[in-house]
Amino acid sequence: MEFKSLKNIESSFRQIRLFGIIVVSLCAVVAISAVCVSLNFAEKQREKIYVLDNGKSLMLALSQDMEQNRPAEAREHVRRFHELFFTLSPEKSAIENNIDRALTLADRSAYNYYSDYVEKGYYNRIIAGNINQVLQVDSVVCDFNNYPYTAKTYARQMIIRQSNVTERSLVTSCRLSNTTRSDDNPNGFMIEGLTILENRDIITTKR
């Protein structure tokens, strides 16, 4: 009887051990499945962005490959720099604010032009003469076949005085290199080797 009792105890222990192995295996399968499903869900969520429409409605948009937007971002970067750098009002703080923001988008080549204008008293004449200078970019032509990219900008300057308005032609060239995105540089480009190719009067009209 004792032998049979021991045999039953051993059999029960084996059953409990088998049951324990099965339970642990099922738990492991459930845990691994949960992790895989969570990672897959998180990856899909990363492919979506949420956009607020005037702070009211919430729209869902699928994010696109960043490289698809680079040409448009490059042109916008160049356009924004020129608007900030060449649009001037007869107020010192406004000029300094625009120039500071523009210089974060370009290398020292832009600063060299700024320093040259300062030495020649260009900004002082803008302030003293109560002159407004407005830039309108007509087009930005970029070449993305080689890196760093090249860009050529065609724009018009309107020099607005009390007595007349002078329209000037402005053509510049530069290179574009990738850099870290930031609040001051949301497109992630840096303008290098800025060169003013043309800046001449077209027509002067009396007011």
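This is a predicted model, so every value here is computed, not measured.

Please clarify how the packing of aromatic side chains should be interpreted in this entry.
Aromatic rings considered in pairs are described by the distance between their centres and by the relative angle of their planes. For the coordinates displayed, the defined rule picks out 10 aromatic pairs. Judged by centre distance (5.5 Å) and plane angle (45°), the ring pair of tyrosine 114 and tyrosine 123 falls under tilted. Judged by its relative accessible area of 22%, tyrosine 114 is partly exposed. The interplanar angle of 80° and the centroid separation of 5.2 Å between the aromatic rings of tyrosine 147 and tyrosine 149 together place this pair among those described as edge-to-face. Judged by relative accessible area, which is 47%, tyrosine 147 ranks as partly exposed. Members of the aromatic cluster, each reached through a chain of ring pairs, are Tyr111, Tyr114, Tyr117, Tyr122 and Tyr123. Stacked on the ring of phenylalanine 189, the Lys or Arg arginine 70 has its end atom at 3.8 Å from the ring centre.

Just to check I follow, could you spell out the environment of valine 140 for this structure?
Within the secondary structure, valine 140 sits in strand β3 (residues 132-143). Residues valine 140 and glutamate 76, spaced 64 residues apart in sequence, show a C-alpha to C-alpha distance of 8.6 Å. Dropping the residues within four chain positions of it, valine 140 is found in contact with Arg75, Val78, Arg79, Ala151, Lys152 and Thr153.

Hey, could you run me through the pairing of strand β4 (residues 149-160) in this one?
The side chains of a regular strand alternate, first on one face of the sheet and then on the other. Here β4 shows one buried face, formed by Tyr149, Ala151, Thr153, Ala155, Gln157 and Ile159, and one open face, formed by Thr150, Lys152, Tyr154, Arg156, Met158 and Ile160. Bridge count between β3 and β4: 11 bridges; the pairing is antiparallel. Within β4, the residue paired with glutamine 136 across the bridge is arginine 156. What sits between the antiparallel neighbours β3 and β4 is a turn of five residues. Counted between consecutive antiparallel strands, the loop separating β4 from strand β5 (residues 164-178) contains three residues.

Definitions and limits used
Residues numbered from 1 in each chain as written. Predicted model: local features only at pLDDT ≥ 70, side-chain atom pairs only at ≥ 80, totals over all residues. Heavy atoms only, no water. Phe/Tyr/Trp six-rings, centres within 6.5 Å; stacked < 30°, edge-to-face > 60°. Buried < 20%, exposed > 50% of the residue type's maximum accessible area, 1.4 Å probe, protein only. Lys NZ or Arg CZ within 6 Å of the ring centre and 35° of its normal. Helix = DSSP H or I, 4+ residues; strand = E, 2+ residues; numbered from the N terminus. Contact = heavy atoms within 4.5 Å. Pairing = 2+ DSSP bridges.

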